[in-house]
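What the coordinates show
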Amino acid sequence: MENWLQQFAEHRERLPGAQQPQIRALREESIQRVADAGLPTLRDEDWRYTSLQPLGRREFKLSEAVSPSLEAADLEAFRFPELDTWQMVFVDGQFMPGLSKIEDLPDGVIVHDLASWLVDENREALMLRNEANVLASLNTAFMVDGAVIRTRENVIVEKPLHLIFITTAREGSFMVVPRIDLRTGANSEIRVVENFVAMGAAQSLTNTLTNIVAGENSRIEYYHLQEESKEAWHLANIFVDQKQDSRVIGHSVSLGAALARVDFHINLDAAGGENILNGLYMGKDRQHTDHHILIEHLSPHTRSEQRFKGIMDGASRGVFNGKVVVHEGAQKIEAVQSNRNLLLSDQAEVDTKPELEIYADDVKCAHGATVGQLNEDELFYLRSRGIGEEKARALLTWAFADDVISRMALDPIRQTLEKKLAGEFSRTEQFDDIRDLV
Amino acid sequence: MENRQPMLEINNLHVTVDGKEILKGLDLIVNKGEIHAIMGPNGSGKSTLAYVLSGKEGYEVTAGNLLFEGKDLLEFSPEERAREGIFLAFQYPVEIPGVNNAYMLKAALNAQRKHRGLEELDAMEFMALVKEKVKLVQLKDDLLQRSVNEGFSGGEKKRNEIFQMAVLEPKLAILDETDSGLDIDALKIVAEGVNALRSPERSMIMITHYQRLLNYIEPDFVHVLADGRIIKSGGKDLALELEKRGYDWVREEAA
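Predicted model only: the values in this text are computed from it and were never measured.

**Section: the interface of chain B and chain A**
By a widely used convention, the size of an interface equals the accessible area lost when the partners come together. On the chain A side, the residues contacting the 25 residues of chain B number 24 residues. For the side of chain B that touches chain A, the elements supplying multiple residues, two or more each, are helix H2 (78-84), strand E7 (96-100) and helix H3 (101-115) of chain B. Tallying contributions element by element places H3 of chain B first for the side of chain B that touches chain A, with 8 residues.

Encoded structure:
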């Protein structure tokens, strides 16, 4: 904590927007909130299973100007084959215009880097909604770069926007603080892919925040793909406000990082809003991954759906907490929530807690959570056909995971992830044609 | 039965499940090309025999031995037994959500071919084979592209088992209550499929509760399994007699 306050004092004059009184005040206010509240502890209900205490003990230096020797070719590994996208690349937290492709955007679409947006006083203010969330406050205090995205009404953005956040293996521990601010106009449509990747064993702390306001009858497909280095910490807050008849589909895939914590805060503000979240988290060795989801049905005729699956191997630990709140007067609600977990080793652990809080009487809600192992009968069936035990296990694990991946609308992302997962599940068996026959 | 080469020899087989002895000294010899029907009342150990032959966990062999083409089966894992040529058509085929039927079968066939030193089939060759075999059991093409047995009717599941058997071409097929739960039309289709797979090179063990199946698939031998042992063996007429008189008289005779 001391370390952060000290770093803030060091950086306050250099952070983007330091010359803007409003932004300056906002940052000061946020760091004060961090100082007052302190990091959450295991005594906080929302942090019962995930300790941030080691964070306080380690010195993550705010990543400043970097001189990455990255070239376009280095990015190939992070792109999705055959997916034509607009692209913004961030290296150790900084926007890299030379590696990005956001020129010649169609009319009615704004995609801008955050740092220069904050500096320009003519820009529309960012959406700020910190609430009582310390990590969100920490993000606001330190936000260095990121993306501001706007769609005008009736604009359909054909190509997805791919945001690639790369951390590199530098000396020492460092912190990157991205912020994404997305607002869609009425009847517009956009797909945004946030992709957190690493080159080498980066000892990074990513504290990212995404603010989404889905305009009336707009459509957003949002991807949060976390493949940080196994040494890294990944903390993410995603706030979504949905206006009337808007539809937001989110996919969260968490594969990397020593510790990952992803929080979704969804407000269904107006009738007709629909929110669908799919999630897959996987852990090996001593990885720790935690998803917290809060869905607030604030208005009648809103619908939400969360389907999360976890696969925990080694001595990893998975945490899922999904809370659906149906507020008073919010009638005709449909809410579905499921969390299924597969334990592949005796040392792996899962803590799952689906919660419903309902203050209306005309609602349709269903939730459930399971934690189990691979089904022995299924395993025996495959083996009795001649399929080796390792492959049979990998196949069943793959099938479990693919149920989530297969709901992704962008095929190249789906395919890339499927290949990656197949590689994760089996070292010796080939899966390259797993989809060919489907 | 010109070539009396033993395919499977079971000697004095004792099997325990959860500490309870189910098979209590079972003897059986199945020669190449023969079809044996094993009948018996519920709880006599019929399914235990099927599982122990295919290597399911939890079936402890406490005495006796199992030889397949002279090799000790108990040394083999389930997948090795399959690759050696043993096929079990399950009484209750499991549904495996997310695992594509055709993909599973191709992986199985290629694992078996590799084991036998044969070239693996590519997707094209495999699909050609599948198109030919699927006719045998009149299984709809779209079922092949679905998850294994998921949402299949009872009859479709059983036909899928026989279809898999047709593709894998085992040396020894064990049909565990393949007839149970089938209406007469479905039973005829399954039986035709099985009959089409009869060959002097292939042996079969049909485990059944009902004589009805044997009207459509004619066995060379019929055995009565009761209390963990084969207590009577005979030709196909024995099945008719069992149908008429039940099992008690055999038990009394054996006692």
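**What about the confidence of the model for chain B?**
Confidence in the prediction of chain B, expressed as mean pLDDT, is 93, and 99% of residues score 70 or more. Across the whole predicted complex the pTM is 0.89, and at the interface the ipTM reaches 0.96.

**A few points about the environment of Asp248 of chain B**
Within the secondary structure, Asp248 of chain B sits in helix H10 (residues 248-254). With 207 residues separating them in the primary sequence, Asp248 of chain B and Pro41 of chain B have C-alpha atoms 9.6 Å apart.

**What to know about the sheet that holds strand E19 (residues 333-343) of chain A**
One key point about sheets: their strands pair by backbone hydrogen bonds, in either a parallel or an antiparallel sense. Residues and elements named next belong to chain A. As summarised here, the arrangement of the 10 strands in space is E3-E2-E6-E9-E11-E13-E15-E17-E19-E21, forming an open sheet in which the pairing is mixed. The strands lining the two open edges of the sheet, one partner per strand, are strand E3 (94-95) and strand E21 (363-372). Direction of pairing for strand E9 (residues 189-199) relative to strand E11 (residues 219-227): parallel, over a ladder of 9 bridges. Residue Phe196 lies in a different strand from E11, and its bridge partner there is Gln226.

**A few points about the environment of Arg146 of chain B**
All names here are of chain B. By secondary structure assignment, the location of Arg146 is in the loop between helix H5 (141-144) and strand E8 (147-148). The class of Arg146 is partly exposed, set by 19 C-beta atoms lying within 10 Å. Arg146 sits 100 residues away from Gly246 along the chain, and the two C-alpha atoms are 41 Å apart. If we ignore the near neighbours within four places in the chain, the residues touching Arg146 are Asn101 and Gly151.

What counts, and at which threshold
Residues numbered from 1 in each chain as written. Chains lettered and ligands numbered in written order. Predicted model: local features only at pLDDT ≥ 70, side-chain atom pairs only at ≥ 80, totals over all residues. Contact = placed C-beta atoms within 7 Å. Helix = DSSP H or I, 4+ residues; strand = E, 2+ residues; numbered from the N terminus. pLDDT = per-residue confidence, 0-100. Pairing = 2+ DSSP bridges. Buried ≥ 20, exposed ≤ 12 C-beta atoms within 10 Å, placed from the backbone.

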